[in-house]
Amino acid sequence: MSANHPAADWLDTLPRDRLLGEFSLWSADLANLERDILRTEPFVDLYHVDVADGRFAPSFLFFPDQLARIRALTAKPLHVHLMVEGDIVAAQARQFVEAGADLVTIHAENGAAVDAALDAVAEAGRAAGIVLRLETPVEAIVPFLDRVSFVTLLGTAIGVKGQGLSDTACPRLVEARRLIAAAGREGAIRLAADGGIRAQTVPLLRAAGAETVVLGSLAFADPDLAGRIAWLHGLPMPEALP
Ligand SMILES: O=C(CO)[C@@H](O)[C@H](O)COP(=O)(O)O
């Protein structure tokens, strides 16, 4: 573990009175990753690191040695989103926690492989999350709610950048919020929206209950990142569930 690694209780240090911004390193300048991390660090709550195997998601993304280099550059929490097939997910989770991930999110669609992957993350003393593809029924989060600190809902087709937000994204967040509350896990779980994060969609996602959003181009391509993040932090809290 790097000396840069944040305290184990980093989850409790994340603000609750404003929307969190996770920045997706896939949308950084991949030829200048260090520069983009250092320039965005003052504005980010977590870095989001997509991992894709070209089968579970149609792209090849980030690998453990790369994460270890990123770990050495920043003390900000690193959220690894594993978009890989079930036969390798537990092994991948282990490799990414060894490389310095603070939070590893596993797809519920990995089925029978999910438990072992969540165990691997917990055994390493790191936080775990569960994530759903856009087409998966939201109830699929329920069996995992007592074991995770983050629930992420994709708002676009998996593993493709630059897409518009699905009309189903906001109603799905509301449903997830209800399920989290019904499980007595409100306040223990952060609800995250990933995909389709645009200036016009962030207020809608926040109103639907998102507590964190995964910004790609909205962070890395914004000429006024400080202004963008001040705006994001100033969005009103979601209304209480009826
Ligand atoms: O997971 C994703 C896209 O599915 C993100 O992590 C991307 O980085 C988003 O990039 P933009 O489309 O917002 O530019």
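Residues numbered from 1 in each chain as written. Predicted model: local features only at pLDDT ≥ 70, side-chain atom pairs only at ≥ 80, totals over all residues. Heavy atoms only, no water.

Going by what an unreviewed UniProt entry lists, the protein is known as Ribulose-phosphate 3-epimerase and is assigned to Prosthecomicrobium pneumaticum.

## A few points about the site of the ligand
Neighbouring residues of the ligand: S24, S27, D50, T156, V160, K161, G162, D194, R198, G216 and S217. S27 has a polar side-chain atom sitting 2.8 Å from an oxygen atom of the ligand. The side chain of D194 places a nitrogen or oxygen atom 3.2 Å from an oxygen atom of the ligand. Relative to its unbound accessible area of 370 Å², the ligand is 96% covered by the protein chains. Residues belonging to the shell around the ligand are distributed by class as follows: 1 nonpolar, 6 polar and 4 charged. (Near = heavy atom within 4 Å. Polar contact = N/O pair within 3.5 Å; in protein donor to acceptor, adjacent residues only side chain to side chain. Areas by Shrake-Rupley, 256 points an atom, 1.4 Å probe, with all protein chains shown as cover. Nonpolar A, V, L, I, M, F, W, Y, C, P; charged D, E, K, R; others polar.)

## Quick look at the side chain of H107
Mapped onto the fold, H107 is located in strand β5 (residues 103–107). Owing to a relative accessible area of 0%, H107 belongs among the buried residues under this scheme. In this structure the side chain of H107 is engaged in a polar contact, spanning 2.8 Å, whose partner is the side chain of E109. With residues near it in sequence (within four places) discarded, H107 still touches F56, H81, L82, M83, V114, I130, V131, L132, R133, L154 and I158. (Helix = DSSP H or I, 4+ residues; strand = E, 2+ residues; numbered from the N terminus. Buried < 20%, exposed > 50% of the residue type's maximum accessible area, 1.4 Å probe, protein only. Contact = heavy atoms within 4.5 Å.)

## Considerations on the pairing of strand β9 (residues 212–215)
Neither face of β9 is exposed, since T212 and V214 on one face and V213 and L215 on the opposite face are all buried. Bridge count between strand β1 (residues 20–24) and β9: 4 bridges; the pairing is parallel. Directly across from F23, in β9, lies its bridge partner L215. In the classification by handedness, the crossover that spans strand β8 (residues 190–194), the intervening helix α7 (residues 202–208) and the parallel β9 is right-handed. (Pairing = 2+ DSSP bridges. Right-handed = clockwise from strand over helix to strand, strands pointing away.)

## Here's the deal with the side chain of D50
Following the sequence through the fold, D50 ends up in strand β2 (residues 46–53). Buried within the structure, D50 lacks any salt-bridge partner; its nearest side chain of opposite charge belongs to K161, at an N-O separation of 8.5 Å. Reaching out from D50, the side chain makes a polar contact with the side chain of H48 at a distance of 3.0 Å. Only 3.0 Å separates the side chain of D50 from the side chain of H81, close enough to count as a polar contact. (Lys, Arg positive; Asp, Glu negative; His and termini not counted. Salt bridge = Lys/Arg side-chain N within 4 Å of Asp/Glu carboxyl O.)

## Overview of the nonpolar core
Soluble globular proteins tend to pack their nonpolar side chains together in the buried interior. If you look at the biggest cluster of nonpolar residues, it comprises 73 residues, and the most contacted ones within it are L25, L82 and V151. Considering each element in turn, this core owes the most residues, 6 residues, to helix α4 (residues 86–99). The contacts of L25, once residues within four sequence positions are left out, are L30, L33, I37, Y47, H48, V49, F62, I70 and F220. With 8 residues, the next largest nonpolar core counts L14, L20, L46 and A127 among its residues. (Core = buried A, V, L, I, M, F, W, Y, C linked by side-chain atoms within 4.5 Å.)

## Re the packing of aromatic side chains
This structure, assessed with the given rule, holds 2 aromatic pairs. A centroid spacing of 6.5 Å and a plane angle of 75° characterise the contact between F23 and Y47, whose relative ring orientation is edge-to-face. With F23 in strand β1 and Y47 in strand β2, the pair connects residues that are 24 residues apart, well separated along the chain. Side by side, F23 and Y47 carry an identical accessibility label, which is buried. Summarising the aromatic geometry, the rings of F23 and F220 are spaced 6.0 Å apart at their centres and angled 75° between planes, so their arrangement reads as edge-to-face. Highlighted residues: F23 in strand β1 and F220 in helix α8 (residues 217–220), separated in sequence by 197 residues. The same class applies to F23 as to F220, namely buried. Among the aromatic residues, ring-to-ring pairing joins F23, Y47 and F220 into one connected group. Directly above the aromatic system of F56 lies the positively charged group of R133, at a separation of 5.0 Å from the ring centroid. Directly above the aromatic system of W231 lies the positively charged group of R228, at a separation of 4.8 Å from the ring centroid. (Phe/Tyr/Trp six-rings, centres within 6.5 Å; stacked < 30°, edge-to-face > 60°. Lys NZ or Arg CZ within 6 Å of the ring centre and 35° of its normal.)

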